[in-house]
Amino acid sequence: MSFWDGLWRGRAAEFESGSAASNSIELTKRHPVVSLTKQGAATGNLRINLSWRMRTSDIGGPERESLLRHPFKLFKPDVVQAHTQSMVNVDLDLGCLYELTDGEKGVVQPLGSFFGALNAPPYVTLSGDDRFGSASGETIYVNLDHRESIKRLLVFVYIYDQTPAFDRTHAHVTLYPSNGPRVEISLDERAPQARSCAVVTIENVKGELIVRREVKFVYGFQAELDRLYGWGLQWGRGYKSKVGER
């Protein structure tokens, strides 16, 4: 196989069936959908994890260019840039809008201490609030043994009371089903002024659980995400408790 064949095959790689090396499915713009049901992963507790790490305002390095347009960039060393500004203080929060089949709607999020419940409606719960970008991040659990009661979920991330800086973080949302490969979504698009991001939807379509990558950045908060996806909830200004309180 020639060098050029390798480049073309790399571009055409598909992700729906997962990676044998990493046991993961990457949802991208080209391949945004996966069925948990067809993966045999529609039971037990689905763990949804947000992880991020702060980086300097130079975005952590040079932008990647297409090897197809500039193939010899592969052999050119990257230019090392100095870090000229201090680390950015970013507090990313993980949340979930839910709609149940009986019409009940609501939100699970740290703001307002709406932590949900796992074994009772809405069958969605938040493990806690990570304010410092630790390795464990924040985690939401969904009880898929009650999947017949869940109509749709929208998992979102927002920046609480800090300077908008999605473009200065390495943020990832990963879904860990009880069975089968994990599902990964990177928040890698440039949206420097955005405060919220609709990451992924999970929808019950005629008994099949469909996961769809969204990655839609907005400049407002939950109310704007609500309008975008037609949830119809009433929103007011909310505040967090002090660190250590819940």
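Because the structure is a prediction, the values reported are computed rather than measured. (Residues numbered from 1 in each chain as written. Predicted model: local features only at pLDDT ≥ 70, side-chain atom pairs only at ≥ 80, totals over all residues. Heavy atoms only, no water.)

Considering the confidence of the model for the protein chain
- On average, residues of the protein chain score 77 in pLDDT, and 66% of them are at 70 or above.
- Per-element confidence in the protein chain is highest for strand E2 (residues 33–35), whose mean pLDDT is 97, and lowest for helix H1 (residues 3–11), whose mean pLDDT is 37.
- Note that residues 56–67 has pLDDT below 50 and, in this model, 19 contacts with residues that lie over four places away or in other chains.
- Predicted confidence for residues 73–87 stays below pLDDT 50, and this span has 15 contacts to residues more than four positions away or in other chains. (pLDDT = per-residue confidence, 0-100. Helix = DSSP H or I, 4+ residues; strand = E, 2+ residues; numbered from the N terminus. Contact = heavy atoms within 4.5 Å.)

Points about the packing of aromatic side chains
- For the coordinates displayed, the defined rule picks out one aromatic pair.
- Above the face of the Tyr176 ring, Arg47 is positioned so that its terminal group lies 4.0 Å from the ring centre.
- Above the ring of Trp231, the side-chain terminus of Arg152 is found at 3.7 Å from the ring centroid. (Phe/Tyr/Trp six-rings, centres within 6.5 Å; stacked < 30°, edge-to-face > 60°. Lys NZ or Arg CZ within 6 Å of the ring centre and 35° of its normal.)

As for the pairing of strand E11 (residues 182–186)
- In E11, alternate side chains face the same way, and those of Val183 and Ile185 are buried while those of Arg182, Glu184 and Ser186 on the opposite face are not.
- Sheet topology note: the strand E1 (residues 24–26)/E11 ladder contains three bridges and is parallel. Residue pairing for E11: Glu26 is matched across the bridge by Glu184.
- Sheet topology note: the strand E10 (residues 172–176)/E11 ladder contains four bridges and is antiparallel. Across the sheet, His172 pairs through a bridge with Ser186, a residue of E11.
- Joining the antiparallel neighbours E10 and E11 is a turn of five residues, in which Gly180 adopts a positive phi near 90 degrees. (Buried < 20%, exposed > 50% of the residue type's maximum accessible area, 1.4 Å probe, protein only. Pairing = 2+ DSSP bridges.)

What about the sheet that holds strand E12 (residues 196–205)?
- Strand order in this open sheet of six strands is E2-E13-E12-E9-E4-E5, and the pairing throughout is antiparallel. The strands lining the two open edges of the sheet, one partner per strand, are E2 and strand E5 (105–108). The average undirected angle you get between the axes of adjacent strands in this sheet is 20 degrees.
- Two strands pair when backbone bridges link them, and strand E9 (residues 150–159) and E12 are joined in this way by seven bridges, in the antiparallel orientation. Residue pairing across strands places Val157 opposite Cys197, the latter belonging to E12.
- Helix H2 (residues 222–229) rests against E9, E12 and strand E13 (208–218) of the sheet, and its axis sits at about 125 degrees to E13. (Axes fitted to C-alpha atoms, helices over the stretch in contact; angles between N-to-C directions.)

Topic: the sheet that holds E10
- The seven strands are arranged E1-E11-E10-E3-E8-E7-E6 in an open sheet whose pairing can be described as mixed. Among the strands making up the open sheet, the edge pair consists of E1 and strand E6 (116–117).
- Taken together, the five bridges between strand E3 (residues 45–51) and E10 define a ladder with antiparallel strand orientation. The partner of Arg47 across the bridge, within E10, is Tyr176.

Section: the pattern of salt bridges
- What the rule picks out here adds up to four salt bridges.
- Measuring nitrogen to oxygen at the nearest pair gives 2.6 Å for the salt bridge that ties Glu99 to Arg152. Of this pair, Glu99 sits in strand E4 (residues 92–100) while Arg152 sits in strand E9; the two residues are 53 residues apart in sequence, bridging distant segments of the chain.
- We classify Glu99 as buried; its relative accessible area is 8%.
- With a shortest N-O distance of 2.7 Å, Arg182 and Glu184 are connected by a salt bridge.
- Given the relative accessible area of 25%, Arg182 is considered partly exposed.
- The exposure class assigned to Glu184 is partly exposed, which follows from its relative accessible area of 25%.
- Residues joined in a network through salt bridges with shared partners are Glu99, Lys151 and Arg152. (Salt bridge = Lys/Arg side-chain N within 4 Å of Asp/Glu carboxyl O.)

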